[in-house]
Amino acid sequence: MASHGTDVDLVAVVVHRGRAALVGAGARLAGSVPEVASAMVTAASTSRPRFVWWSARYAGELVAAVASPLPRAWDLAEAHRILHGGWKAEPGRVWAAAHALPLSSMPEASSGDLFDFSAGDELGPDDLTRSDGHLRADAASGWLESDARLLRWAEAALECAALQRDRAETLGPRIVGTIHSESAAALMCLELEAGGLPVDRAVLEDLIGGFAGPRAASEEAAVAARRARDAEVLRHVPGRESTDLRNPQQVRDMLAGVGVDVPNTRKWVLDAYRHVHPVVDALLTWRKAERIATTYGYRWLDQCVGPDDRLRGGWSACDGAAGRMTAENGLHNLPAALRSGVAAHGGHVFVRADLGQIEPRVLAVVSGDPVFAEATRADDLYAPVASRLGVERPVAKVAVLAAMYGQRSGAAGEALKGLERAYPVAMGLLDRAYESGVRGEPLRTFGGRLVPTGRFLAQSPIGTNPALDAARGRFARNAIIQGAAAELFKAWAATVRALGAPLGAQIVLCLHDELLVHAPADRADEVATLVDRALADASRRWAAGAPVRFVADTSVIQRWSDAKP
DNA sequence: TTGACCACGTA
DNA sequence: CGTACGTGGTCAAC
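## Focus: the overall build of chain A
Item 1. Scanning chain A from terminus to terminus reveals 20 helices and 15 strands.
Item 2. Taken along the three principal axes of its C-alpha coordinates, chain A extends 75 × 65 × 60 Å.
Item 3. Taking all 565 residues of chain A together, 51% fall into the buried category.
Item 4. Across chain A, the fraction of contacts at a sequence separation of at least 24, relative to all contacts at a separation of at least 6, is 64%.
Item 5. Within the structure as shown, chain A displays about 25300 Å² of accessible surface, and the carbon and sulfur contribution to it stands at 53%.
Item 6. Charged side chains of chain A number 63 positive and 67 negative; the gap between the two group centres comes to 4 Å.

## What to know about the protein's contact with DNA strand C
Item 1. Close to DNA strand C lie 25 residues; N247, N329, R455, R474 and F475 are nearest.
Item 2. Counting only the atoms of DNA strand C that lie within 4 Å of the protein, the sugar and phosphate share comes to 78%.
Item 3. Contact distances for DNA strand C include 2.8 Å between a phosphate oxygen and a side-chain N or O atom of R474.
Item 4. Put simply, the parts of the chain that give the surface near DNA strand C at least two residues each are α11 (278-294), β9 (326-327) and α19 (466-500).

## Focus: the layout of surface pockets
Item 1. Space inside the second largest pocket adds up to approximately 470 Å³.
Item 2. What lines the second largest pocket is a set of 17 residues, among which A216, A222, R229, A293 and Y298 lie closest to the centre.
Item 3. Of all the elements in the fold, those that place two or more residues in the lining of the second largest pocket are α8 (219-234), α11 and α12 (298-304).
Item 4. Across the lining of the second largest pocket, the residue classes break down as eight nonpolar, one polar and eight charged.

## Describing α11
Item 1. For α11, which comprises 17 residues, the first-to-last C-alpha distance of 24 Å matches the rise-based estimate of 24 Å (1.5 Å per residue) to within 8%.
Item 2. When α11 is considered as a whole, its buried residues turn out to be V279, V280, A282, L283, L284, W286, A289, E290 and I292.

## Some details on the pattern of salt bridges
Item 1. This model, assessed by the stated rule, comprises 35 salt bridges.
Item 2. In this structure, the salt-bridge partner of R81 is E78, at a minimum N-O distance of 3.1 Å. Here R81 pairs with E78, and both are found in helix α3 (residues 76-84), just three residues apart, close to one helical turn. The exposure classification of R81 matches that of E78, with both residues buried.
Item 3. Here E205 makes a salt bridge to R215, at a shortest N to O gap of 2.9 Å. Residue E205 is found in helix α7 (residues 201-212), and its partner R215 is found in the loop between α7 and α8; the two are separated by ten residues along the sequence.
Item 4. Relative accessible area serves as the criterion here: at 25%, E205 is assigned to the partly exposed category.
Item 5. A single salt-bridge network, built from bridges that share partners, covers R229, D230, R246 and E290.

## Re helix α17 (residues 413-422)
Item 1. Among all positions in α17, only A415, G418, L419 and A422 are buried. All buried residues of α17 project into a common sector of 105 degrees when viewed along the axis, lining one side.
Item 2. The elements touched by buried residues of α17 are α14 (370-375), α15 (382-389), α16 (393-405) and α18 (424-438).

## A closer look at the packing of α8 against α11
Packed helix pairs are specified by the crossing angle of their axes together with the interaxial distance, meaning the distance between the axes.
Item 1. Viewed as axis vectors pointing N to C, α8 and α11 meet at an angle of 160 degrees, and their least axial separation amounts to 8 Å. It follows that α8 is roughly antiparallel to α11 by the angle criterion. You can see that α8 and α11 cross each other, and the crossing is left-handed. Mapping the contact onto sequence places R229, D230, E232 and V233 in α8 and V279, A282, L283, W286, E290 and A293 in α11.
Item 2. Class assignment for the residues of the contact of α8 with α11 results in six nonpolar, no polar and four charged.

## Some details on the side chain of D469
Item 1. Tracing the backbone shows D469 in helix α19.
Item 2. Here D469 falls in the buried class, since its relative accessible area comes to 10%.
Item 3. Residues within four places of D469 in sequence aside, it is in contact with V438, I462, G463 and T464.

## Some words on the packing of aromatic side chains
Item 1. Going through the model one piece at a time under the given rule, you end up with seven aromatic pairs.
Item 2. Here F51 and W53 contribute two aromatic rings whose centre-to-centre distance is 6.4 Å and whose plane-to-plane angle is 5 degrees, an arrangement assigned as stacked. Pair check on accessibility: F51 and W53 agree, each one buried.
Item 3. Their ring planes at 80 degrees and their centres at 5.8 Å tell us that F489 and W492 sit as a pair that is edge-to-face. One end of the pair is F489 and the other is W492, both in helix α19 and three residues apart, which spans about a single turn. Taken as a pair, F489 and W492 share a single burial class, namely buried.
Item 4. One aromatic cluster is present, formed by F446, W542 and F550 through successive ring pairs.
Item 5. Directly above the ring of W87 sits R81, whose terminal nitrogen or CZ lies 4.1 Å from the centroid.
Item 6. The ring of F475 is capped by R455, whose NZ or CZ atom sits 3.6 Å from the centre of that ring.

What counts, and where the lines are drawn
- Residues numbered from 1 in each chain as written.
- Chains lettered and ligands numbered in written order.
- Predicted model: local features only at pLDDT ≥ 70, side-chain atom pairs only at ≥ 80, totals over all residues.
- Heavy atoms only, no water.
- Helix = DSSP H or I, 4+ residues; strand = E, 2+ residues; numbered from the N terminus.
- Buried < 20%, exposed > 50% of the residue type's maximum accessible area, 1.4 Å probe, protein only.
- Contact = heavy atoms within 4.5 Å.
- Areas by Shrake-Rupley, 256 points an atom, 1.4 Å probe, with all protein chains shown as cover.
- Lys, Arg positive; Asp, Glu negative; His and termini not counted.
- Charge placed at Lys NZ, Arg CZ, Asp CG, Glu CD.
- Near = heavy atom within 4 Å.
- Polar contact = N/O pair within 3.5 Å; in protein donor to acceptor, adjacent residues only side chain to side chain.
- 1 Å grid on protein atoms, 1.4 Å probe; cavity = no way out; pocket = protein on both sides within 12 Å on 5 of 7 lines; lining within 4 Å.
- Points joined across faces, edges and corners; volume = space filled by probe spheres on them.
- Nonpolar A, V, L, I, M, F, W, Y, C, P; charged D, E, K, R; others polar.
- Expected span 1.5 Å × (residues − 1).
- Salt bridge = Lys/Arg side-chain N within 4 Å of Asp/Glu carboxyl O.
- Arc of directions from axis to C-beta.
- Axes fitted to C-alpha atoms, helices over the stretch in contact; angles between N-to-C directions.
- Parallel < 35°, antiparallel > 145°, perpendicular 65-115°, else oblique.
- Left-handed = near helix turned anticlockwise from the far one by under 90°.
- Phe/Tyr/Trp six-rings, centres within 6.5 Å; stacked < 30°, edge-to-face > 60°.
- Lys NZ or Arg CZ within 6 Å of the ring centre and 35° of its normal.

Interpretation note: all reported values are geometric properties and have no functional meaning in isolation.
Shown next, in the form of structure tokens:
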């Protein structure tokens, strides 16, 4: 428990325009970035403190200088998101929440004004806070022009961290640990952005060419190629060649003209009409190619894949809902058809691992249902559930998923009743979450992240629109599972990162329940073992004694497509 | 230029 | 399509 207690020193570091400051554990200094980074290395090697920053993004320069050993962190922005919910976490908001100041009086984001009269008094040039307690609006930007102010800024960070930690400890037993893990995830996001995902550019070029055709030599050629692709669909509907395939309303009218009457033109609707009229199949084939051409085409390749054949995009440690990681530039939604273009570089392999049936296993932990926990001892959790319910496995699976996600279609009814009888603790937790959502009340995930459920309330109050009430309920029920799964995943990833670094292993993709680690080929087996051990360690810490088993499917591959589906 | 909607890829 | 995300298309309102 040492790492969770208050016996670990907090040391705040801040950086602004090439200057930096460090305050805490008896140290207090300002200087150049290298000077402060050096002080961090010294501190890290002596007392193993936890470094505090307003956001990993602000501290990136310093963090990069302390590559090893990996620093422990308290990320004020991530802690704020966990403690108070929502996604906005700029310093003024973090400060206000930590000090329990009303948001209504918080100054607007930095305006760059020299004076700030909104607190009703004159702000001295060296005052960090106003008379009402809020940070001055330009605290994090223009104000930081001297070393003295940088030191004051670091002290403020330290103060916020202490307040956040006190609050976290009163809210529940796991929140401090969640903040530690989340802070590590935010650091990992910086590394993911810098490192990128290794790709095989030639293969990607070929794949894109197969869908979108060869690179157009000119703008005219691009237009001609586009028309040619469109014509492959439009030739099936003589007399309607002027239909704009990119306009869903026109497509709907065109389909109605050939007897295909649909409420919308979404793929899962049109799938049923593939054999009714040849234009449907042609349209869906066109859509797939169009997606590649527009979103994952040559423009994407040129802009997002660097000269070192790494695909890069922005990463965020949590979304604004339950707390899953997000990524940009296709890193989280790369079509399966392009995955053979994601390949380990020379002398390296991918160690790929995904968590099996993570969401029902997570439900067993967060609900504390001893009977459901028993089912997680099986490699296939749905087998014991099916046998207990006296139904076939596919029925049990649909019922469990329906219970967790609130699926309304399909025939899960009888099995759902069986679930209520067999696992009343787990089902009871889901029901309570649903009701919280219906009422618009916030809830906390297992790790303690506050999840607001006030969505849609602006457009219609509780009870006035049953569909929106139910949508909030489903959101809440899903959030406690999805959010807890994200917490376990991040704890796992952070452990893999820490254990893998000495072997030269680098996490290059985090995909909700899947990890892709780029590792030297001669260390592949070690890294694969480490990934599994990291899951055992992380899940034991995270589940804190719950008798729930987590399983990973781990393999060593050259291309992402080599993985099982 | 911006925001709404549609559509669709991933988990 | 149960939830979530990011992206790019068109269209209407600026």
